[in-house]
Every structure is written in structure tokens, then in C-alpha cells.
Amino acid sequence: MEYFLIIISAIFVNNIVLAQFLGICPFLGVSNKLSTASGMSLAVCFVITLATVVTYLVNQYLLVPFGLDFLQTIAFILVIAALVQIVEIVLKKVSPSLYQALGIYLPLITTNCAVLGVAITVVTKEFTFGSAAPHMLNLAESTVYAFATALGYGLAMVLFSGLREHLALNDVPKAFKGLPVALITVSIMAMAFLGFSGIV
């Protein structure tokens, strides 16, 4: 039951883009077309999950035991950058077709603050789900949380790109064309997602 609450909370209630406002730059920049948004969503999903698992292990077995907690942010940034490079190299060798699909978006993920935000949140924040007492997430819960958060990011991005494609076909006043109408759309989406806040 707790894993179900983690998933619902991460995707709908505490959506990383619409509730926590992390990863806004790629969210606005790559959401013009549904195809690019879905490609970016897949890449972000993979990297957030992998980066959270690795940073959790680095924190638990390297930083905390040696009293190096203060190096958390720098260590996490280095781990994320290295992971993205490794994933890019492996994809290029193993699956050139998948590399062609995601390779464009992988370098963008290194600068996506959502990846770092999830990694830091998992190791620093105490979570409360349902009637349970606040506690730090273990590795399995962290992995589920990271994957669900990435799914929430992807869901928001795909919905937003669909709305942007629809808006491009409509007659929008000149003052609102482009980024202004996009920001208004995101704010309305954020208010709509706020309706899920009573679930968990």
C-alpha cells in the first residue's frame, strides 16, 4: 500500500514540475512537439531513476559513513554528469537507433535540475504517506519514488506539448503568442493538478 501511495503522490500530488517547479527550462523548451516531448520524457525517466539509485548508494555508503554530507550536492552533480555520459556512450554502442532517438536529449538532462532535485529530496526529506510516521525512504522506496516522479514529469510534459500543439492551431492574440500563452497554460495545469492534493 505504501508503494502505491508513493506512486500516486509523486505523479499527481507532488508533481515535480507543476507542484515543485523543478525542470522548468527543458519543460518549456522541448515541449513544442509531442514527439520531442515524449523522447525527452523517456530519457528523463531513465536518468532520474538511475541517478537516484546511484546517488542514494553513494550517500549511504560513502558520504555519510565518512562524515562528508556537506559534499552531497557536488558529489551528486558529478555522479549525474558521469551517468549521463556513460549512458550516452553505452547507447551509442549497443543501440544506435535508441541513441538517435534519445541521444539529442541526453546532454540536456545533465542540466535538468529535476534530476538533482529528486536525488537530494530522497536523501534529505522525511516522507509521510497515509497514517505512517515520517521516515526516510529506503533504497526500494527511493527507486519507486524516483521512477514515479519521472513518470509525473513525463505525464506533465506530454500533456503540455499536446496543449501547445493545439494552441498553435488556434487564433491566439498577438500579445499572448509563444511563451505568454504557454505560461498561462502551465499555470492552469498546475491548478488542475492541485485538485489531486486531497488523495494522499
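Residues numbered from 1 in each chain as written. Predicted model: local features only at pLDDT ≥ 70, side-chain atom pairs only at ≥ 80, totals over all residues. Heavy atoms only, no water.

Trainee: Describe in detail the packing of aromatic side chains, supporting the description with residues and values.
Mentor: Applying the stated criterion across every chain yields a total of five aromatic pairs. With centroids separated by 5.7 Å and ring planes inclined at 70 degrees, the aromatic side chains of Phe193 and Phe196 adopt a geometry described as edge-to-face. Here Phe196 falls in the partly exposed class, since its relative accessible area comes to 30%. Each residue in the set Phe12, Phe193 and Phe196 is aromatic and connected to the rest through ring pairs, giving one cluster. (Phe/Tyr/Trp six-rings, centres within 6.5 Å; stacked < 30°, edge-to-face > 60°. Buried < 20%, exposed > 50% of the residue type's maximum accessible area, 1.4 Å probe, protein only.)

Trainee: Summarise the nonpolar core; cite the residues concerned and give the values.
Mentor: In this structure, Leu18, Phe27, Ile48, Leu106, Ile109, Tyr145 and Tyr153 are the most contacted members of the largest nonpolar core, which totals 54 residues. Secondary-structure elements contributing two or more residues to this core are helix H1 (2–13), helix H2 (24–29), helix H3 (34–63), helix H4 (72–94), helix H6 (106–110), helix H7 (113–124), helix H8 (139–169) and helix H9 (179–194). Not counting chain neighbours up to four residues away, the residues in contact with Leu106 comprise Ala43, Val47, Val84, Val87, Glu88 and Leu91. (Core = buried A, V, L, I, M, F, W, Y, C linked by side-chain atoms within 4.5 Å. Helix = DSSP H or I, 4+ residues; strand = E, 2+ residues; numbered from the N terminus. Contact = heavy atoms within 4.5 Å.)

Trainee: Help me get a handle on a nonpolar patch on the surface, residues and values and all.
Mentor: There is a patch of nonpolar side chains on the surface, built from Phe70, Leu71, Ile74 and Leu78 and spanning about 440 Å² of accessible area. By relative accessible area, which is 64% here, Phe70 ends up exposed. (Patch = residues over 30% accessible without salt bridge, like charges linked within 9 Å, V, L, I, M, F, W, Y side chains within 5 Å. Areas by Shrake-Rupley, 256 points an atom, 1.4 Å probe, with all protein chains shown as cover. Salt bridge = Lys/Arg side-chain N within 4 Å of Asp/Glu carboxyl O.)

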